[in-house]
Amino acid sequence: MSAKIRLNAANTGAVINRNIYGHFSEHLGRCIYGGLYVGEDSPIPNKKGMRTDVVEALRHIKVPVLRWPGGCFADEYHWEDGIGPKETRKRMVNTNWGGVVEDNSFGTHEFLELCEQIGCEPYINGNVGSGTVREMSEWVEYLNSPGDSTVVQRRWANGRKEPWNVKYWGVGNENWGCGGSMRPEYYGDLYRRFNTFCRNYTKEHPLYRIACGPNVDDWAWMDGVMKVAGRHCDAITLHYYTHPHGWEEKGSATVFDDEEYYLTMRKTVKMADLIKGHLAIMDKYDPKHKVGLIVDEWGTWYNVEPGTNPGFLYQQNTMRDAIVAAINLNLFNSHADRVVMANLAQMVNVLQSVILTDGDQMILTPTYHVFDLFKAHQDATLIPSEVECAEVTEGVKQVNVSASMKDGALTITAANVSCTAAEDVLVELEGFEVQNVAARILTGDMHDMNTFEEQNKVHIVDFGGVEKAEGGLKLTLPACSVVEITVRG
Ligand code: AHR
């Protein structure tokens, strides 16, 4: 059977928030140290300590927003340890991740410098679990106040005159677990208390306040927090990772068979039910949809690469991950009216990274290339799509799609989820006269990956296989592929 995609250019949806293409960087393993930041004295080329190769690659995919410093690390992080002269910064043990020494050489100023270099918005996650209200309040003051207080004078003394006007502000992370093992009602009250003292320092730059939401299908957490704190936040988070088997034995990132590949896809599409279910609960307390949903941790989570520190969560990345990324991003696009941000976990060297580094070498993963293929969706208007096709495994359609329109161009991103079969696809296009079509594709065997030995095995190529057809377009999607089609009228 061939697949049919139906699109009507006149039937427009919401604008796709560019922040759906966001990322997450935690003080975990080699994400910050070695991955993003090497320090000014490193022989690895850098600007103010940030790796120039990595920053350049991130600019290319137009990273819109970056979350930091965690994750679980956020609720044991004390921001004052990471400012001032590096030699005097406090050392701590990173008890969540590998028990390594954290010398705090990457702190607030460094993170904001990194965001400036990447050209993205910072999203800072404050400490509720082991921090104080005063500590969080003063961090916001240090970041955003234009006034002349002792806290602000410290910022000046540390070399920054102007406030950064940080907008995205997370009040705790996973406070149901590593962030304090709380009950939803208790966290809801704490959220209200901490949030009260996070001030808006100027009218032009109010904080965008983010409450800690549930893990996976913890409906009771969503219900409890929305009930208590829903009126006090701009958005609430959801965390859902794709691990094929379960927490104990997650499976290998690179060694898997067809059955495990499809199991991974079935676990991935569960995100659709989670978004639907949590939005329905949010509706109870927020019928006017003022509160956005942020999926601020998503991605694949496998066993670590053999021989690496289990606390560093370093894993390889194959075409299977590319398909997982495409399914999630297409899904977030299709919920553009409610999903206001999503952050892939994590940016470099941790979980489903877009970049892996080894000393001075850097490789781009298949997932990186998916973000490249999808970047035209940022700030574009969703064109809702209907897909008619067979399932490759229970509940997973073979062809997975989203589409959007910006500046007169229609962008369609589609994945063929089958790891063995190509698929003929007919795109029925209403309300759009096709003049010109261009396409790019990422495809390969499901096991294909880039390694430090073979750095460019998986990469995007131009795809000449999209033809004009009666009422639209036709193409054959190779097995295990992701395509971006740009149509101009
Ligand atoms: O991304 C790794 C960890 O996963 C984060 O620190 C935590 O928030 C989640 O459990």
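Since the structure is predicted, the reported quantities are computational estimates derived from the model, not experimental observations.

Conventions used here
Residues numbered from 1 in each chain as written. Predicted model: local features only at pLDDT ≥ 70, side-chain atom pairs only at ≥ 80, totals over all residues. Heavy atoms only, no water. Phe/Tyr/Trp six-rings, centres within 6.5 Å; stacked < 30°, edge-to-face > 60°. Helix = DSSP H or I, 4+ residues; strand = E, 2+ residues; numbered from the N terminus. Buried < 20%, exposed > 50% of the residue type's maximum accessible area, 1.4 Å probe, protein only. Right-handed = clockwise from strand over helix to strand, strands pointing away. Pairing = 2+ DSSP bridges. Salt bridge = Lys/Arg side-chain N within 4 Å of Asp/Glu carboxyl O. Axes fitted to C-alpha atoms, helices over the stretch in contact; angles between N-to-C directions. Parallel < 35°, antiparallel > 145°, perpendicular 65-115°, else oblique. Left-handed = near helix turned anticlockwise from the far one by under 90°. Contact = heavy atoms within 4.5 Å.

K.L.:
Can you break down the packing of aromatic side chains residue by residue, with the values?
P.N.:
Under the counting rule described, the total for this entry stands at 21 aromatic pairs. Pairing Trp79 with Trp139 gives two aromatic rings, centres 6.2 Å apart and planes at 5 degrees, and the pair type is stacked. Taken together, the residues span a long stretch of sequence, with Trp79 in the loop between β5 (65-68) and β6 (92-93) and Trp139 in helix α3 (residues 133-144) at a distance of 60 residues. By the burial criterion, Trp79 is buried, and Trp139 matches it. Residues Trp139 and Trp169 carry aromatic rings whose centres are separated by 5.5 Å and whose planes lie at 85 degrees to one another, so their mutual orientation is edge-to-face.

K.L.:
Describe in detail the pairing of strand β12 (residues 292-300), supporting the description with residues and values.
P.N.:
Among the nine residues that make up β12, nine are buried, leaving the element largely enclosed by the rest of the structure. Tracing the backbone out of strand β11 (residues 235-242), into helix α7 (residues 258-285) and back to the parallel element β12 gives a crossover that is right-handed. The sheet contact formed by β12 and strand β13 (residues 339-345) spans four bridges and is parallel. Paired with Trp298 across the two strands is Leu344, which belongs to β13.

K.L.:
Before we move on, can you summarise the pattern of salt bridges with the specific residues and values?
P.N.:
Two side chains of opposite charge can pair, provided their charged atoms sit close to one another. Using the criterion set out here, one finds 19 salt bridges in the structure. For Glu388, the salt bridge goes to Arg6, with nearest N and O atoms at 2.7 Å. Linking Glu388 in strand β17 (residues 385-388) with Arg6 in strand β1 (residues 3-8), this pair joins segments that are 382 residues apart in sequence. Here Glu80 and Arg154 are joined by a salt bridge, their closest N and O atoms 2.6 Å apart. You can see Glu80 sitting in the loop between β5 and β6 and its partner Arg154 sitting in helix α4 (residues 150-157), a full 74 residues away along the chain. According to the relative accessible area criterion, Glu80 is partly exposed, its value standing at 33%.

K.L.:
Outline the packing of α7 against helix α8 (residues 319-334), listing residues and values.
P.N.:
Direction vectors running N to C along α7 and α8 enclose 15 degrees, while the axes themselves pass 10 Å from each other. Judged by the angle between their axes, α7 and α8 are roughly parallel. Crossing of α7 against α8: the hand is right-handed. Judged by residue contacts, Glu260, Tyr261, Thr264, Met265, Thr268, Val269, Met271, Ala272 and Ile275 of α7 engage Arg320, Ile323, Val324, Ile327, Asn328, Leu331 and Phe332 from α8.

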